[in-house]
Amino acid sequence: MKKTEINFKIELDQNNVPEKIMWDATEKPEAGFSESKSLSISLWDHVQKNTLRIDLWTKDMPVNEMKRFYIDCIGGLAQSVLTATGDEPMANEINSLCEKLAMQVRKTEA
């Protein structure tokens, strides 16, 4: 059986706020840790029937980039719903929400 790993290193300040987020994966094209400003991980607990989440961002990540990050996450979920379940109406609704949110963010940047 093939195995793969995804690793994260988080550097925290004295108040446990992330200053640096680094990640690496065995199947990443370039070797070694890469820096990121934010991460969001969701795991389904099939026993409790709920989602376990980890959301981290560095204190220097700009607010508009954070908004765009979450819009991209939601958009990725639309594709995942479509791929995993074939539920096109649900995927379309999620994508529609992303379009509305992206328009709001663009207005605040203008």
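Residues numbered from 1 in each chain as written. Predicted model: local features only at pLDDT ≥ 70, side-chain atom pairs only at ≥ 80, totals over all residues. Heavy atoms only, no water.

Caption draft 1: Structural context of helix α1 (residues 63-85). For α1, built from 23 residues, the straight-helix expectation of 33 Å at 1.5 Å per residue is met to within 8% by its first-to-last C-alpha distance of 33 Å. Among the residues of α1, M66, I71, A78 and V81 are the ones counted as buried. Turning to α1, the residues buried within the fold contact β4 (38-45), β5 (50-57) and α2 (88-109). Looking at the residues trailing α1, positive phi occurs at G86, about 75°. (Helix = DSSP H or I, 4+ residues; strand = E, 2+ residues; numbered from the N terminus. Expected span 1.5 Å × (residues − 1). Buried < 20%, exposed > 50% of the residue type's maximum accessible area, 1.4 Å probe, protein only. Contact = heavy atoms within 4.5 Å.)

Caption draft 2: Fine view of the packing of aromatic side chains. What the rule picks out here adds up to one aromatic pair. Between F69 and Y70, the aromatic rings sit 5.0 Å apart at their centres with planes inclined by 70°, giving edge-to-face as the arrangement. Seen from the ring of F33, K9 lies directly overhead, with NZ or CZ sitting 4.3 Å from the centre. The cationic tip of K28 hangs over the ring face of W23; the distance from NZ or CZ to the ring centre is 4.9 Å. (Phe/Tyr/Trp six-rings, centres within 6.5 Å; stacked < 30°, edge-to-face > 60°. Lys NZ or Arg CZ within 6 Å of the ring centre and 35° of its normal.)

Caption draft 3: Quick look at the sheet that holds strand β3 (residues 34-36). Across the sheet, three strands lie side by side as β1-β2-β3; this open sheet has antiparallel pairing. Each edge of the open sheet carries a strand with a single partner, namely β1 (6-12) and β3. Averaged over all adjacent pairs, the angle separating strand axes in this sheet is 30°, with direction ignored. By the bridge criterion, three bridges tie strand β2 (residues 18-25) to β3 in an arrangement that is antiparallel. Opposite M22, over in β3, you have E35 as the bridge partner. (Pairing = 2+ DSSP bridges. Axes fitted to C-alpha atoms, helices over the stretch in contact; angles between N-to-C directions.)

Interpretation in functional terms is not warranted from these geometric data alone.
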